[in-house]
Amino acid sequence: MSGSKPDILWSPHHPDRYVICDSELGLYRIGPVGSSETKAGTLPLSEETAATLLAINSDTPYMKCVAWYPKHEPECLLAVGQANGRVVLTSLGQSHNSTCKELVGKEFVPKHARQCNTLAWNPVDSNLLAAGLDKHRADFSVLIWDISSKYSPEASVSSEKIRLSSVDLDSSSVVTKPLYELGQNDACLSLCWLLRDPKLLLAGMHRNLAIFDLRNTSQKTFVNTKAIQGVTVDPHFHDRVASFYEGQVAIWDLRKFEKPVLTLSEQSKPLTKVAWCPTRNGLLATLTRDSNIIRLYDMQHTPTPIGDETEPTIIERSVQPYESQIGSFAWHPSSQNRMVVVSAANRVMTDFTVFERISLAWSSTTSLMWACGRHLYDCVEDGAEGVDSVIEKDIATKMRQRAQSRYGHDTVQVWRNHLLAGGSNPQLKSLWYDLFYMKQCAEDIELKLQGNKQSVVYSGIKNIVKTTSGTTESRRCWSGSERQSDVPRYHSEERCLSLRLCGWISRGPDIDVEVFLRSLEQEREWERAAAVALFNLDIRRAIQILNKGATAEKGDLNLNVVAMALSGYTDEKSSLWREMCSSLRLQLKNPYLCVMFAFLTSEPGAYDGVLYESSVAVRDRVAFACMFLSDAQLPRYIDKLTNEMKEAGNLEGILLTGLTKDGVDLMESYVDLTGDVQTASFCMLKGSPGEVLKDPRVQCWIENYRNLLDAWRFWHKRAEFDIHRGKLDPSSKPLAQVFVSCNFCGKSISYSCSAMPHQGRGFSQYGVSGSPTKSKVTSCPGCRKPLPRCALCLMNMGTPVSNCPGTGKSDERLDLTRENKLAQFNNWFTWCHNCRHGGHAGHMLSWFRDHTECPVSGCTCKCMQLDTTGNLVPSDSS
């Protein structure tokens, strides 16, 4: 290899040793950095590994190729092919036993001197060493030597051989008679023994690939091709061989050797080496001249069967061990995807691992799995309480749990749906209470009598306050005090409707918040109840609520202090009370206590301290605005608040937007933020306007939620959702798409049956007296041809299962419960799409519980096993 680029050979027995071959042989041992094996002066290969030089052999000049002896003994025996065709056995400074001493220095000399291009040891019969030589018109190019053979004098050993030899010849160590001679009048550029049969040798000759059988050397199998260099057998698939020519790699299947099964993409520069990965199935590495990258071809499947012309799937990628040009590389024989790379100059080496591409699989139940190399990793969402308290669950997990609790299906007490969602999300609580109050108002008899008010309810407070008219202003005394209040309050029919939608008042002309206050007291929301009472100018009731909250179990004693401060209220603008409350109210932690004093210290009409306190519920701020803002101020405030809610995707804003286009925009922001298509679907179905349901965004949410339920195998839940959707949106009900048709006339049997009048006759004509649910139709109503017979009871289809012979169980004779009236599945027609045999669904299910083959005599069809979904069980089945 003098004057050529270096090459690398891994030891077949020592996973930590390799040889670098260029002008001399260098034996290295690789080990972790800092270990006792790596001494001072070692060569760093990577951050973790370094190489130590163990021995150097410079006794064999003119090296062209090297091959490592495949057996354990003798250790470190190498065959070196030289420029004059000689093959020399040498070693690397190891302690030799008697066998090794006999072999080291042995030379195998061809008749005519020419370059030795390649060497290959037989992997089974290790005494056989194949050498590939350049062409000579009167000699063979493939010589197979027996290294155990003794010297035999040959007259043909010319003085030319002696002269070309760089060392003095020892006649006892020279072998001139090969065991086999193959490939006459041709050149051999590459060799490899076939792993499937140690008697077969694959050789890349001058214009063809040839397979020689040592049992019959007079015959050979060959195919004409230019891809004759670097032949190598896939260690994982012994019939697959790679070879190359210039910049193109050919993949061969020895079972169909006529042409390559695959040709890899051509490179711009000539290739110098190809090598199969010994630890990874189907991974081929290639190197081109003057390149700093190694190209990898990952063949996902083994070569296709004979006669199939489809090519296997190939994934191509490149790796760059370092910046400088690569001289050669070698896969590690046992470490997965590991190789040592040597540079083209200065013998710079790198220990490099090719990392596998990671393939991800994310299940619909949020478990994540990925494969990397030979390892499979599974990541499941942790359900521990300690983790849940810190890390919020994924929205898919939440939706799945909510679907199991029938979230969204409570259409009577609509507000209860937030409890089915866990009851911990304030936005969902606000949303479902908004929908509950909208439904309550829409069903109000008084509103229904007024025409279009039902649709107004779902249009949101933003649209309601725009239509306000007949607003009256009033001033009331503080409740429990005869002192006149200077706070103006506004009244109108639309404002009262808005207060109802906020949940503050019930039906009726009077604004009575006492019911609402009691409900807040039951929920122990003392501060909020006190604020609502104060906004209704009932300061005595507010003090009473605060005192009650302070004395309640686990109550806050500081509420007594707040009540005491509240009792000192005075409307004098320059009073010390007002001055202190204005400065100290911001130090209160509870936002409702804050806005109470903000209200008391504000000027009439200037209530920014209340209206823009973001910690206060939107419904309470809107109700306050409806009571204390004028007709000019109210729409402006509602519009501004609506835009804030839409941008933030806050579900509390549904109270303002209603189920309108603005509501869809708000819900779109919410879905973009959270991914909660479940809530979006149920919410939009509650509205009465059909235009909203026709919005493509709403349809997308609904379809995505249906697909999610199917992916979770919640087929029953998806059916319930479709029924729920059909009740609220009749246009979504699909038309009948599947029906049983007559084999003779093609008409629908079920449709014909439903269209037939009874003509005044009783049910006795169907064979079931007094049972309207068991009508017997055994022939096509269109053409009167008989229907097929059940394979088990041999009765014509259409005969009810309870009347069929062989079903003598009492519970099957006549069961007119509500469930059986709605869905008599046992009577359904069912048949196998493969053998066309079938019968009553109840009979078929009963048969296949105990059998695998078709019930028809002589039919061996395994009907139930043909359906891939037959063994799937719904996840929501009880």
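Residues numbered from 1 in each chain as written. Predicted model: local features only at pLDDT ≥ 70, side-chain atom pairs only at ≥ 80, totals over all residues. Heavy atoms only, no water.

- Looking at an unreviewed UniProt entry, the protein carries the name GATOR complex protein MIOS, with the source organism given as Dissostichus eleginoides.
- Taken directly from UniProt, the Subcellular location (unreviewed entry) text for the protein runs: "Lysosome membrane".
- Quoted straight from UniProt, the Sequence similarities (unreviewed entry) entry for the protein says "Belongs to the WD repeat mio family." (UniProt positions renumbered as here; feature names shortened; annotations may be inferred.)

## Considerations on helix H18 (residues 618-628)
Part 1 of the argument: Burial of H18 is extensive: 11 of the 11 residues sit out of reach of the surface.
Part 2 of the argument: Every buried residue of H18 is listed here: Val 618, Arg 619, Asp 620, Arg 621, Val 622, Ala 623, Phe 624, Ala 625, Cys 626, Met 627 and Phe 628. (Buried < 20%, exposed > 50% of the residue type's maximum accessible area, 1.4 Å probe, protein only. Helix = DSSP H or I, 4+ residues; strand = E, 2+ residues; numbered from the N terminus.)

## Here we look at the sheet that holds strand E26 (residues 314-319)
Part 1 of the argument: Taken in spatial order, the four strands of this open sheet run E23-E24-E25-E26, and their pairing is antiparallel. Where the open sheet ends on each side, the last strands, each with one partner, are strand E23 (271-276) and E26. Each neighbouring strand pair of the sheet contributes to a mean axis angle of 20°, computed without reference to strand direction.
Part 2 of the argument: Where strand E24 (residues 283-288) lies against strand E25 (residues 294-299), four bridges are found, and the strand directions are antiparallel. By the bridge assignment for E25, Thr 286 is matched with Arg 295. (Pairing = 2+ DSSP bridges. Axes fitted to C-alpha atoms, helices over the stretch in contact; angles between N-to-C directions.)

## Description of the packing of aromatic side chains
Part 1 of the argument: Under the defined criterion, the tally for this structure stands at 25 aromatic pairs.
Part 2 of the argument: Centroid distance Phe 108 to Trp 145: 5.5 Å. Interplanar angle 45°. Geometry classified as tilted. Here the residue Phe 108 occupies a position in strand E9 (residues 107-108), and Trp 145 occupies one in strand E12 (residues 140-146), the gap between them amounting to 37 residues.
Part 3 of the argument: Relative to Tyr 377, the ring of Trp 370 lies with its centre 5.6 Å away and its plane at 20°, an arrangement referred to as stacked.
Part 4 of the argument: Among the residues examined, Tyr 377 registers a relative accessible area of 37% and is labelled partly exposed.
Part 5 of the argument: Joined through ring pairs, the aromatic side chains of Tyr 407, Trp 432, Phe 682, Tyr 705 and Phe 721 make up one cluster.
Part 6 of the argument: When the ring centre of Phe 329 is taken as origin, the NZ or CZ atom of Lys 273, which lies over that ring, is 5.2 Å away.
Part 7 of the argument: The residue whose ring lies beneath Arg 402 is Tyr 407, and the NZ or CZ to ring-centre distance is 5.7 Å. (Phe/Tyr/Trp six-rings, centres within 6.5 Å; stacked < 30°, edge-to-face > 60°. Lys NZ or Arg CZ within 6 Å of the ring centre and 35° of its normal.)

## Remarks on the packing of helix H12 (residues 526-535) against helix H13 (residues 539-551)
Helix-helix packing is described using two parameters, namely the angle between the two axes and the distance between the axes.
Part 1 of the argument: Closest axis-to-axis distance for the H12/H13 pair is 7 Å, and the angle between their directions is 170°. Classified by the interaxial angle, the pair formed by H12 and H13 is roughly antiparallel. Residues Trp 526, Ala 529, Ala 530, Ala 533 and Leu 534 of H12 form the contact with H13, whose participating residues are Ile 539, Arg 541, Ala 542, Ile 545, Leu 546, Lys 548 and Gly 549.
Part 2 of the argument: Residues that form the contact of H12 with H13 fall into these classes: nine nonpolar, one polar and two charged. (Parallel < 35°, antiparallel > 145°, perpendicular 65-115°, else oblique. Contact = heavy atoms within 4.5 Å. Nonpolar A, V, L, I, M, F, W, Y, C, P; charged D, E, K, R; others polar.)

## Overview of the nonpolar core
Part 1 of the argument: Grouped together as the largest cluster of nonpolar side chains are 105 residues, with contacts concentrated most on Trp 504, Leu 566, Phe 599 and Met 667.
Part 2 of the argument: If you tally residues by element for this core, the top one is helix H6 (residues 426-442), at 10 residues.
Part 3 of the argument: Ignoring anything within four residues of it in the chain, the contact list for Leu 566 reads Leu 534, Ile 539, Ala 542, Ile 543, Leu 546, Met 596, Phe 597 and Leu 600.
Part 4 of the argument: Listed in part, the 20 residues of the second largest apolar core include Ala 67, Ala 79, Val 87 and Val 175. (Core = buried A, V, L, I, M, F, W, Y, C linked by side-chain atoms within 4.5 Å.)

## Focus: the confidence of the model for the protein
Part 1 of the argument: For the protein, per-residue confidence averages 81 on the pLDDT scale, and 82% of positions sit at 70 or higher.
Part 2 of the argument: Every residue in residues 384-390 is under pLDDT 50, and counting partners more than four places away or in other chains gives four contacts.
Part 3 of the argument: Overall, residues 803-823 carries pLDDT values under 50, and its contacts beyond four positions in sequence, including any with other chains, amount to 22 contacts. (pLDDT = per-residue confidence, 0-100.)

## Regarding the environment of Val 274
Part 1 of the argument: You can see Val 274 is positioned in strand E23.
Part 2 of the argument: Spatially, the C-alpha atoms of Val 274 and Leu 284 are 7.0 Å apart, while their sequence positions differ by 10 residues.
Part 3 of the argument: Leave out the neighbours within four places in its chain, and Val 274 touches Gly 230, Thr 232, Phe 244, Val 249, Leu 284, Ala 285 and Thr 286.

## With respect to a nonpolar patch on the surface
Part 1 of the argument: A cluster of nonpolar residues, Phe 825, Trp 828, Leu 845 and Met 864, forms a patch on the protein surface that exposes about 400 Å² of accessible area.
Part 2 of the argument: Relative to the helices and strands, Trp 828 is located in the loop between helix H28 (818-822) and strand E35 (829-831).
Part 3 of the argument: Taking the relative accessible area as the measure of exposure, Trp 828 reaches 51% and is therefore exposed. (Patch = residues over 30% accessible without salt bridge, like charges linked within 9 Å, V, L, I, M, F, W, Y side chains within 5 Å. Areas by Shrake-Rupley, 256 points an atom, 1.4 Å probe, with all protein chains shown as cover. Salt bridge = Lys/Arg side-chain N within 4 Å of Asp/Glu carboxyl O.)

## Here's the deal with the packing of helix H22 (residues 677-685) against helix H25 (residues 715-728)
Part 1 of the argument: Viewed as axis vectors pointing N to C, H22 and H25 meet at an angle of 30°, and their least axial separation amounts to 10 Å. As summarised for this structure, H22 and H25 are arranged roughly parallel, according to the angle between their axes. For the pair formed by H22 and H25, the contact residues are Ser 681, Phe 682 and Leu 685 on the first element and Phe 721, His 724, Arg 725 and Leu 728 on the second.
Part 2 of the argument: Tallied by class, the residues present in the contact of H22 with H25 amount to four nonpolar, two polar and one charged.

## Brief notes about the environment of Phe 140
Part 1 of the argument: Tracing the chain through its elements places Phe 140 in strand E12.
Part 2 of the argument: In sequence terms Phe 140 and Ala 187 are 47 residues apart; their C-alpha atoms lie 8.3 Å from each other.
Part 3 of the argument: For Phe 140, the contacting residues outside a window of four places in its chain are Arg 114, Leu 133, Glu 181, Leu 182, Gly 183 and Gln 184.

## A word on the pairing of strand E10 (residues 116-121)
Part 1 of the argument: For E10, a buried count of six out of six residues is recorded, marking the element as mostly surrounded by other parts of the structure.
Part 2 of the argument: In this structure, E10 lies alongside strand E11 (residues 128-133), joined through five bridges in antiparallel fashion. In the sheet register, Cys 116 faces E11, and the bridge partner there is Leu 133.

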